[in-house]
Amino acid sequence: MTPKKVQKAFLLVLLAFILLTPVFSLLRMNRTTEEVQYYEQRNPAPLPVPAVSTLLNGSFFTDFEAAVTDRLATRTASIKSYFGLNMALQRPAVDDTIVNAEVMLGKNSYNRWDNANLYTQAEEIAADYAELKNYVEDRGGYFCYVGVPLQTFYYTDLYPSYMENREWHLSTLRDAFVSAMEGAGVPFLEMNELFRSRQWEEKLYPETDHHYTYYGAYVTAQALAERITADTAWNVHIPTRDELHWQELPNAFLGSSNRKLYGLWDSTDRAAIAEPKEEIPFRRFDNGEEVAAEVFDMPVTETEDVTYSLYMGGDVAETIIRTEREELPDILVVGDSFTNSLETLLYMGFDEMRSLDYRHYNGLSLREYIAEYEPDIVICVRDESTYFSRDLNGRTD
């Protein structure tokens, strides 16, 4: 083949690629959107509507490029190939995730800063929670703050020696917050210390997800029940290990960190569930609508991946579970996704369990909600990375 023919053939292939890519992207738009939502855990960038101002300042073209990129037919295959190549080259981190350790860990910068202001900030936030505690107690209730570590924070000792684990920051963060909450008289259940207090039979944190495992959630539920029983007149009982039927699902567990990398990290993670051997009938309501009386979104087959959304079906703005056992207390649980797996256990010890996630719930403020429904027990579940946040589930008004 002559050089001219080679050049012509190349141009024809290039032209076909340019013309066909938009066609295939349109045909696969729904599928590509689903892949972005599933793997990247976000919605694709919206298609912008042109306006004179956005055309003149250039923002329309920037937004259009982002929207088109999110919908390219080859997007998933291209990103997966790129990540796979970097992992094959044994890069220590891919997409800000450390992949050459025993578990997947978040990559941190090597920057350092002064931690002294954490103590002042912690005292201010603790004062807010002290006011909330008093507000609950004035209505005859009990308040407790539950703090849990992120998987990355729990596994700081597994960071490669040449990677920053930020233990210097975490130790100060914990000391500042725990001491401030204790000084303000706020009941505080600090799970990091308990998790590290002894060797556990099962892993409390997975290899590939930032949440605790179901066993970690169970240890938290039991510790909370013991704390409530010790601090109040209520005798809260979460079924013991022997009173539960445990099941480890055969499905591969696709944790949040591995999901970012399209499941390319080889993991042994499996999800577990537990149900009471002695049935506890209940009714469930999500966002005001009655739904199936289930707390696990079970996979249809044994071959499909399972994610953390197995627990409670993922994040819900407001969930209510009623067991119709009026002799038991009512509980309100406020927090991010760490509450999901916890809720599948807590409902067993209460008459009514209400759960709010202010990342999605736009109704009553927390104090208005407490005044409206008068729960006997109010708990806020926060991971250590959100201790100093006063937004959404960190609001106390």
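What counts as what
- Residues numbered from 1 in each chain as written.
- Predicted model: local features only at pLDDT ≥ 70, side-chain atom pairs only at ≥ 80, totals over all residues.
- Heavy atoms only, no water.
- Buried < 20%, exposed > 50% of the residue type's maximum accessible area, 1.4 Å probe, protein only.
- Helix = DSSP H or I, 4+ residues; strand = E, 2+ residues; numbered from the N terminus.
- Pairing = 2+ DSSP bridges.
- Axes fitted to C-alpha atoms, helices over the stretch in contact; angles between N-to-C directions.
- Parallel < 35°, antiparallel > 145°, perpendicular 65-115°, else oblique.
- Left-handed = near helix turned anticlockwise from the far one by under 90°.
- Contact = heavy atoms within 4.5 Å.
- Nonpolar A, V, L, I, M, F, W, Y, C, P; charged D, E, K, R; others polar.
- pLDDT = per-residue confidence, 0-100.
- 1 Å grid on protein atoms, 1.4 Å probe; cavity = no way out; pocket = protein on both sides within 12 Å on 5 of 7 lines; lining within 4 Å.
- Points joined across faces, edges and corners; volume = space filled by probe spheres on them.
- Expected span 1.5 Å × (residues − 1).
- Arc of directions from axis to C-beta.
- Phe/Tyr/Trp six-rings, centres within 6.5 Å; stacked < 30°, edge-to-face > 60°.
- Lys NZ or Arg CZ within 6 Å of the ring centre and 35° of its normal.
- Core = buried A, V, L, I, M, F, W, Y, C linked by side-chain atoms within 4.5 Å.

### Quick word on the pairing of strand β13 (residues 377–383)
Of all 7 residues that make up β13, 7 are buried, and the element is covered over most of its length. Burial along β13 is two-sided: Ile377, Ile379, Val381 and Asp383 and Val378, Cys380 and Arg382, pointing in opposite directions, are all buried. Pairing between strand β4 (residues 142–148) and β13: 7 bridges, direction parallel. Of the residues in β13, the one forming a bridge with Tyr145 is Cys380. Relative to β13, strand β11 (residues 330–335) runs parallel, the two sharing 5 bridges. Counterpart to Gly335 in the pairing with β13 is Val381.

### A look at the packing of helix α10 (residues 214–231) against helix α12 (residues 338–346)
Running from amino to carboxyl end, α10 crosses α12 at an angle of 55°, the nearest separation of the two axes being 9 Å. Considering their axes alone, α10 and α12 lie oblique with respect to each other. Viewed along their axes, α10 and α12 form a crossing whose handedness is right-handed. When α10 is examined against α12, the residues Tyr214, Ala217, Tyr218, Thr220, Ala221 and Leu224 are found in contact with a partner set consisting of Ser341, Leu342, Thr344, Leu345 and Leu346. Its residues assigned to classes, the contact of α10 with α12 shows 8 nonpolar, 3 polar and no charged.

### A short note on the confidence of the model for the protein chain
Of all residues in the protein chain, 89% attain a pLDDT of 70 or more, and the chain-wide mean is 90. Long-range and interchain partners of residues 23–30, a stretch whose pLDDT sits below 50, account for 7 contacts in this model, where long-range means more than four residues apart.

### So, empty space enclosed by the protein
Using the criterion set out here, one finds 2 cavities of 30 Å³ or more in the structure. The wall of the largest cavity is formed by Met312, Gly314, Val316, Thr319, Gly335, Asp336, Thr339, Asn340, Glu343, Ser355 and Asp357. Taken together, the residues of the lining of the largest cavity break down into 2 nonpolar, 6 polar and 3 charged. The calculated volume of the second largest cavity comes to roughly 30 Å³. In terms of residue class, the lining of the second largest cavity is made up of 4 nonpolar, 1 polar and 2 charged.

### Some remarks on the environment of Asn117
Here Asn117 is to be found in helix α6 (residues 117–138). Assessed through its relative accessible area of 40%, Asn117 is described here as partly exposed. Between the alpha carbons of Asn117 and Ala176 there is a distance of 9.4 Å; along the sequence they are 59 residues apart.

### A word on the sheet that holds strand β1 (residues 93–94)
Reading across from one edge, β1-β2-β3 is the order of the 3 strands in this open sheet, with antiparallel pairing throughout. Two strands close off the open sheet at either side, each with one partner strand: β1 and β3 (105–106). Examined bridge by bridge, β1 and strand β2 (residues 97–98) share 2 bridges and lie antiparallel to one another. The residue bridging Val94 from the neighbouring strand is Thr97, located in β2.

### Quick word on helix α5 (residues 75–88)
Over its 14 residues, α5 extends 20 Å from the first C-alpha to the last, a length consistent with the 20 Å expected when each residue adds 1.5 Å. Here α5 has its buried residues at Arg75, Thr76, Ile79, Phe83 and Asn86. Each buried residue of α5 lies within a common arc of 105° when the element is viewed along its axis, so the set occupies one face. Seen from the buried face of α5, the exposed residues on the opposite side, beyond 90 degrees, are Ala77, Leu85 and Ala88.

### What to know about the packing of aromatic side chains
Applying the stated criterion across every chain, the model contains 30 aromatic pairs. Measuring from centroid to centroid gives 5.2 Å for Tyr154 and Tyr155, while their planes differ by 65°, and the two rings are edge-to-face. For Tyr155, a relative accessible area of 11% gives the class buried. Ring geometry for Tyr214 against Tyr311: centres 5.1 Å apart, planes inclined by 0°, an arrangement best described as stacked. Of this pair, Tyr214 sits in helix α10 while Tyr311 sits in the loop between β9 (289–291) and β10 (318–322), placing them 97 residues apart in sequence. The structure contains a cluster of three or more aromatic residues connected by ring pairs, namely Tyr129, Phe143, Tyr145, Phe177, Phe188, Tyr387 and Phe388. When the ring centre of Trp200 is taken as reference, the NZ or CZ atom of Arg198 above it lies at 3.7 Å. In this structure, Arg322 packs its charged tip against the face of Phe285, placed 4.9 Å from the ring centre.

### Notes on the pairing of β4
Every other side chain in a regular strand lies on the same face of the sheet, so the side chains alternate between the two faces. With respect to burial, β4 is a largely interior element, 7 of its 7 residues being buried. A two-sided burial pattern is seen for β4, the buried positions comprising Tyr142, Cys144, Val146 and Val148 on one face and Phe143, Tyr145 and Gly147 on the other.

### A word on the nonpolar core
Where a protein is soluble and globular, its nonpolar side chains tend to be buried together. Judged by nonpolar contacts, the single largest core of 65 residues is most densely connected at Tyr205, Tyr212, Leu346 and Ile379. It is α10 that contributes the most residues to this core, 10 residues altogether. In this view, Ile379 contacts Cys144, Leu224, Ile331, Leu332, Val333, Val334 and Leu346; residues no more than four positions away in its chain are not counted. Membership of the second largest hydrophobic core comes to 31 residues, among which are Ile125, Ala126, Phe177 and Val334.

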